[in-house]
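The chain contents come next:
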Amino acid sequence: MKHTTKHFNTPYKITRRYDNALRSINYDNLTGLPSKTVFYKKVHALLTDKYEKHYCIALFDIDKFKLVNDFFGAPTGDRLLCYIAKLLNEYFAKNEDAVYCRLEADRFAVCFLFSGKAYTELIDYITSSLQKCPLNFELAAYFGLYLPETPDLPVNIMCDRAMLAQKSIKGRFDKNYAFYEDKLRKQLLHKQEITGRMNQALKARQFEIYLQPKVHLITNEIVGAESLVRWNHPTLGLLAPGSFITIFEENGFITKLDAFVWEETCRLLRKWLNEGRNIFPISVNVSRLDLLDSSFFQTITSLVKKYGINPKMLNLELTETAYVKRYDEIKLVTDKLRDYGFSVHMDDFGSGYSALNMLQDIAVDTLKVDLNFMSGFAESGRGRNILSSVIRMAKWLGLPVVIEG
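As a starting point, this report considers the structure included with it. Since we're looking at a predicted model, the values are computed, not measured.

**Remarks on the overall build of the chain**
Logical step 1: Helix and strand counts for the chain stand at 14 helices and 13 strands.
Logical step 2: Expressed as a percentage of its 405 residues, the buried residues of the chain come to 41%.
Logical step 3: A total accessible area of about 23,200 Å² is found for the chain, and carbon and sulfur atoms account for 53% of it.

Structure, rendered in structure tokens:
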């Protein structure tokens, strides 16, 4: 009997484990919604069987969901996810042409018939329901929408495209949904190309400095220059900073590139000195990430020592927005730089909202008026008056003014 009982119980346990495993594959353990795998299969079948109809893939998540877990605890976050699942079940209760799931974390995906204002109705329903949620926290959702052009494209790629659309509006207060456009994919591919090649490009010295002259308006003499970087890309050609600087600021590579530009500029100044030329100051850009790097002061002072350059010949341009965060730390660094002998310039003056406050508290040696500040100058008498006022103020403060453009 023992032998028989043993064999009777074992298949039962195996079957139960199998059922549990099968359920975990087919359903989300927390919300009870179909799993990601099931969602992909059902959406593919739906698009294939009813290709003559137009469908939409919508992907959304809760803005700052991590804060919900931090403030109220993970169980409350889980209840919120179950609440959203309940909303979807109720909204699509009688809709056979809809498939939805919890993809991961707080991210949900929906495939539904794209007709009339179906997408805005869904978005309004989720948004208004979140606002009614009995939680002392302002809940908001961002939606990315993708309209499948062919059922042959893998569903996970469709979801990725909806996610790209969603990321393009994350953090905006004026818009909570966006449709995928092919330019988003091109931007992503460009970003991947830039990111994938940046370290090798630095080693291969593909980055080059170009000098933009500073000309005295009265004497018409070149009195200085700004060191600008270009990327001599092996396949894309000569790239201007606009195509890669923002990406480098996002991923932190900007600190390595800046250090390269500083050294190349010092190397050029040393070359001119060795050739017996009369040199003029060259300014270089310093980002907020540079200023917050504990080794920055040591790096920049070591460079002028290494190449025997007077610090006054290497001007440091700091954007007005560099001072916005961790203000006190950055003020200490800029004071040390000026004490050492560097000339500190406030770049892009007028591009932010705190320029006058910065001038009141932080000592700089030159104001550089933002190029965008000059747009419409020729047509606008008001613009001329504002520029004149800025120049008069700079004179009262004893500051030279550099105007771009």
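After that view of the structure, there is still more to cover.
**What to know about the packing of helix 4 (residues 74–91) against helix 5 (residues 118–131)**
Logical step 1: The N-to-C vectors of helix 4 and helix 5 enclose an angle of 140°; their axes lie 11 Å apart at closest approach. Looking at the two axes, helix 4 sits oblique to helix 5. Every pair of crossing elements has a handedness; the one defined by helix 4 and helix 5 is right-handed. For the pair helix 4 and helix 5, contact is made by Leu80, Tyr83, Ile84, Leu87, Leu88, Glu90 and Tyr91 and by Ala118, Glu121, Leu122, Tyr125, Ile126, Ser129 and Leu130, respectively.
Logical step 2: A per-class count over the contact of helix 4 with helix 5 returns 11 nonpolar, 1 polar and 2 charged.

**Description of the pattern of salt bridges**
Logical step 1: For the structure on display, the rule yields 22 salt bridges.
Logical step 2: The residue glutamate 264 makes a salt bridge to arginine 267 at a minimum N-O spacing of 3.2 Å. Of this pair, glutamate 264 and arginine 267 both sit in helix 9 (residues 254–274), 3 residues apart, which is roughly one turn of that helix.
Logical step 3: What emerges from the salt-bridge pattern is a single network uniting Asp61, Glu104, Arg107 and Lys170.

**Considering the sheet that holds strand 3 (residues 107–113)**
Logical step 1: The 5 strands are arranged 2-3-1-4-5 in an open sheet whose pairing can be described as mixed. The open sheet has two edge strands, strand 2 (99–104) and strand 5 (177–179), and neither has a second partner. In this sheet, adjacent strand axes meet at a mean angle of 20° when their direction is disregarded.
Logical step 2: Contacts from helix 2 (residues 36–49) reach strand 1 (55–62), strand 2 and strand 3, with the element oriented near 145° to strand 2.

**Overview of the nonpolar core**
Logical step 1: With 51 residues, the main nonpolar core has Phe207, Phe244, Phe248, Leu257 and Leu316 as its most contacted residues.
Logical step 2: Residue contributions to this core peak at 8 residues, all from helix 9.
Logical step 3: When near neighbours in sequence (up to four residues on either side) are disregarded, phenylalanine 207 contacts Met198, Ala201, Leu202, Val229, Arg230, Trp231, Phe244, Phe248, Phe253, Leu257 and Phe260.
Logical step 4: The next biggest cluster of nonpolar side chains, apart from the first, holds 32 residues, and it includes Leu33, Val68, Leu88 and Leu130.

**Description of the packing of aromatic side chains**
Logical step 1: Taken as a whole, this structure holds 26 aromatic pairs when the rule is applied.
Logical step 2: Centroid distance tyrosine 177 to phenylalanine 179: 6.4 Å. Interplanar angle 85°. Geometry classified as edge-to-face.
Logical step 3: Note on phenylalanine 244 and phenylalanine 248: the rings are 5.4 Å apart at their centroids and 45° apart in plane angle, and the pair reads as tilted. Phenylalanine 248 shares its class with phenylalanine 244; the two are buried.
Logical step 4: Through a chain of ring-to-ring contacts, three or more aromatic side chains come together here, namely Phe207, Trp231, Phe244, Phe248 and Phe253.
Logical step 5: Looking at lysine 336, its charged tip hangs above the ring of phenylalanine 297, at a distance of 4.2 Å from the centre.

**A closer look at helix 2**
One full turn of an α-helix is made of 3.6 residues, so residues set three or four places apart face in the same direction.
Logical step 1: The end-to-end C-alpha distance of helix 2 is 20 Å, a good match for the 20 Å that 14 residues give at a rise of 1.5 Å each.
Logical step 2: Taken together, the buried positions of helix 2 are occupied by Val38, Phe39, Val43, Leu46 and Leu47. With its buried residues spanning 155° around the axis, helix 2 presents them on a single face. Exposed residues lying more than 90 degrees from the buried face of helix 2 are Lys41 and Asp49.

**Focus on the environment of glutamate 181**
Logical step 1: Along the chain, the position of glutamate 181 falls in the loop between strand 5 and helix 7 (182–203).
Logical step 2: What makes glutamate 181 partly exposed here is its relative accessible area of 41%.
Logical step 3: Separated by 35 residues in the primary sequence, glutamate 181 and tyrosine 146 place their C-alpha atoms 8.4 Å from one another.

**Re a nonpolar patch on the surface**
Logical step 1: A cluster of nonpolar side chains, Leu67, Phe71 and Phe72, forms an exposed patch at the surface whose accessible area comes to about 270 Å².
Logical step 2: Topologically, phenylalanine 72 is positioned in helix 3 (residues 65–72).

**As for the packing of helix 3 against helix 4**
Logical step 1: One way to put it is that helix 3 packs onto helix 4 with a least axis distance of 6 Å and a crossing angle of 135°. Judged by the inter-axis angle, helix 3 sits oblique to helix 4. Here Phe65, Val68, Asn69 and Phe72 of helix 3 come into contact with helix 4, specifically with Ala74, Thr76, Gly77, Leu80 and Leu81.
Logical step 2: Looking at side-chain class alone, the contact of helix 3 with helix 4 contains 6 nonpolar, 3 polar and no charged residues.

**Re helix 6 (residues 155–167)**
Logical step 1: With 13 residues, helix 6 ought to run about 18 Å at 1.5 Å a step, and its terminal C-alpha atoms sit 18 Å apart, in line with that.
Logical step 2: Of the positions making up helix 6, those classed as buried are Val155, Met158, Cys159, Arg161, Ala162, Met163, Leu164, Ala165 and Gln166.

**Thoughts on the pairing of strand 2**
Side chains on a regular strand alternate between the two faces of the sheet.
Logical step 1: Across the 6 residues of strand 2, 5 count as buried, placing the element largely inside the fold.
Logical step 2: Pairing analysis gives 5 bridges linking strand 2 to strand 3, with the strands arranged antiparallel. Counterpart to valine 99 in the pairing with strand 3 is cysteine 111.
Logical step 3: Where strand 2 folds back on strand 3, the antiparallel hairpin that results is connected by 2 residues, among which alanine 105 adopts a positive phi of roughly 45°.

Cut-off values and rules
Note that residues are indexed from 1 along each chain, following the sequence as it is written. Thresholds applied to this predicted model are a pLDDT of at least 70 for local features of residues and 80 or more for the giving and counting of side-chain atom pairs; totals over whole chains, interfaces and linings are not thresholded and use all residues. Excluding hydrogens and water, the side-chain values take into account all heavy atoms of the structure. Here a strand is any run of E in DSSP of at least two residues, a helix any run of H or I of at least four, and the numbering for each starts at the N terminus. Burial classes: relative accessible area under 20% of the type maximum marks a residue as buried, over 50% as exposed, and values in between as partly exposed (1.4 Å probe, protein chains only). Reported accessibility uses the Shrake-Rupley method at a 1.4 Å probe radius. Residues are deemed covered only where the shown protein chains occlude them. Angular values range over 0 to 180 degrees, each being the angle between N-to-C directions of two axes fitted as lines to C-alpha atoms, with helices fitted over their stretch in contact. Orientation is classified from the angle alone, with under 35 degrees giving roughly parallel, over 145 giving roughly antiparallel, 65 to 115 giving roughly perpendicular, and any other angle giving oblique. By definition, turning the near helix anticlockwise from the far helix through less than a right angle yields a left-handed crossing, and turning it clockwise yields a right-handed one. Should any heavy atoms of two residues lie within 4.5 Å, those residues are considered in contact. Following the grouping adopted for this structure description, the nonpolar residues are Ala, Val, Leu, Ile, Met, Phe, Trp, Tyr, Cys and Pro, the charged ones are Asp, Glu, Lys and Arg, and the polar ones are all others, Gly among them. For this document, the term salt bridge refers to a Lys or Arg side-chain nitrogen within 4 Å of an Asp or Glu carboxyl oxygen. Should DSSP find at least two bridges between two strands, the strands are regarded as paired. For this analysis, a nonpolar core means a set of buried residues of the types Ala, Val, Leu, Ile, Met, Phe, Trp, Tyr and Cys, connected via side-chain atoms within 4.5 Å. When the centres of two rings from Phe, Tyr and Trp lie within 6.5 Å, Trp using its six-membered ring, the rings pair. Their planes under 30 degrees apart give stacked, over 60 give edge-to-face, and anything left gives tilted. Ring-over charges, as used throughout, are those where CZ of Arg or NZ of Lys falls within 6 Å of the ring centre and within 35 degrees of the ring normal. A helix is expected to reach a length of 1.5 Å times the quantity of its residues less one. To be clear, the arc concerns the directions from the helix axis to the C-beta atoms. Patch definition: residues with relative accessible area over 30% and no salt bridge; like charges joined within 9 Å; nonpolar side chains (Val, Leu, Ile, Met, Phe, Trp, Tyr) joined within 5 Å.

By themselves, these figures tell us nothing about what the structure is for.
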